[in-house]
Structures are given as structure tokens and as C-alpha cells.
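Residue-level listing of the chains:
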Amino acid sequence: MPIVVNLDVMLARRKMRSKELAAKVGITEQNLSLLKSGKVRGVRFSTLARICAELDCQPGDLLEYQAGPEEEDET
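Since the structure is predicted, the reported quantities are computational estimates derived from the model, not experimental observations.

Asker: Go over the UniProt feature "domain: HTH cro/C1-type" (unreviewed entry) in the chain with me, naming the residues and quoting the values.
Answerer: Taking the numbering used here, the UniProt-annotated feature "domain: HTH cro/C1-type" (unreviewed entry) corresponds to residues 13-62. With 66% helix and 0% strand, residues 13-62 has its two end C-alpha atoms placed 12 Å apart.

Asker: Residues and numbers for a nonpolar patch on the surface, please.
Answerer: Together, Ile3, Leu63 and Tyr65 make up an exposed nonpolar region whose accessible area comes to about 280 Å². Mapping Leu63 onto the fold places it in strand S2 (residues 63-65). Accessibility expressed as a relative area gives 32% for Leu63, which makes it partly exposed.

Asker: Could you give me a rundown of the environment of Lys39, with the residues and numbers involved?
Answerer: Secondary-structure assignment places Lys39 in the loop between helix H3 (29-37) and helix H4 (45-55). Separated by 34 residues in the primary sequence, Lys39 and Val5 place their C-alpha atoms 9.6 Å from one another.

Asker: Just give me the short version of the pattern of salt bridges, but keep the residues and values in it.
Answerer: A full pass over the atoms with the stated rule returns one salt bridge. Linking Lys24 and Glu20 is a salt bridge whose minimum nitrogen-to-oxygen distance equals 3.3 Å. Placement of the pair is Lys24 and Glu20 together in helix H2 (residues 18-25), with a separation of four residues, close to one helical turn. Residue Lys24 is classed as partly exposed on the basis of its relative accessible area of 43%. Exposure remark for Glu20: the relative accessible area of 36% places this residue in the partly exposed category.

Asker: Tell me about the packing of H2 against H4, and please be specific about residues and values.
Answerer: The geometry of H2 relative to H4 is characterised by a closest axis approach of 10 Å and an angle of 120° between their N-to-C directions. The angle between H2 and H4 falls in the class oblique. Read as a crossing pair, H2 and H4 show a hand that is right-handed. Residue-level inspection shows Leu21, Lys24 and Val25 of H2 in contact with H4, the latter providing Thr47, Arg50, Ile51, Glu54 and Leu55. The residue makeup of the contact of H2 with H4, split by class, is four nonpolar, one polar and three charged.

Each value, and the rule that gives it
All residue numbers refer to position in the chain's written sequence, counted from 1. With the structure being a predicted model, the display of local features is reserved for residues of pLDDT at least 70 and the display and counting of side-chain atom pairs for 80 or more, all residues being used for whole-chain, interface and lining totals. Water and hydrogen atoms play no part in the side-chain values, which are based on all heavy atoms of the structure. UniProt positions are given in the numbering used here, feature names are shortened, and annotations may be inferred rather than shown by experiment. Numbering of helices and strands runs from the N terminus; a helix is a DSSP stretch of H or I covering at least four residues, while a strand is a stretch of E covering at least two. Like charges within 9 Å and nonpolar side chains (Val, Leu, Ile, Met, Phe, Trp, Tyr) within 5 Å are joined into patches, using only residues over 30% in relative accessible area that form no salt bridge. All accessibility values rest on the Shrake-Rupley procedure with a 1.4 Å probe; residue burial counts only the protein chains present in the view. For this analysis, a salt bridge means a side-chain nitrogen from Lys or Arg found within 4 Å of a carboxyl oxygen belonging to Asp or Glu. When a residue's accessible area, from a 1.4 Å probe over protein chains only, is under 20% of the maximum for its type it is buried; when over 50% it is exposed; and in between it is partly exposed. In this analysis, axes come from line fits to C-alpha atoms, helices being fitted only over the stretch in contact, and the angle between any two N-to-C directions falls in the range 0 to 180 degrees. When describing relative orientation, an angle under 35 degrees is termed roughly parallel and one over 145 degrees roughly antiparallel, while 65 to 115 degrees is termed roughly perpendicular and anything else oblique. Handedness of a crossing follows from how the near helix is turned relative to the far one, being left-handed for an anticlockwise turn of less than a right angle and right-handed for a clockwise one. Contacts are residue-level and defined by heavy atoms, with any inter-residue pair within 4.5 Å sufficient. Each residue receives one of three labels: charged for Asp, Glu, Lys and Arg, nonpolar for Ala, Val, Leu, Ile, Met, Phe, Trp, Tyr, Cys and Pro, and polar for the others, Gly being one of them.

Written as C-alpha cells, this is what we have:
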């Protein structure tokens, strides 16, 4: 997957636990864990906005694009 989720990095920078963020954002710890591991197919903008508000960051701080071999071959 060419999109890398850096949520764990932001949590560490803000000294916040996943459990605390999940409660503040209003999602389950399991869903937050899936998001952190990049095992989700999408995320609602409203959820992303709440995460950014709680972590005082921008979406680009959480999501990163890294081209892989299959993406480079398509161009």
C-alpha cells in the first residue's frame, strides 16, 4: 500500500496513548489500531479531522505517500 499511516509517531510525540485518543475521538480502540497499522481501506474526513484536532496536527503529519515498485511501473 503506497499510503503510510504515521499515527503512532504523532501519538508518541504528543505523549498520548491510543486508548486516550480513541476515547476523545469517539472511535473504538480496535478501529484506531487498524488505522495505525494501515489495515483500513478508508477513513472518514470527520474522523481524520477529530484526530488532527486532538493531536494538534495536520492530515499530512499522519498520512504519507510512498511509491512502491507497482506504482512506479504504471507511469
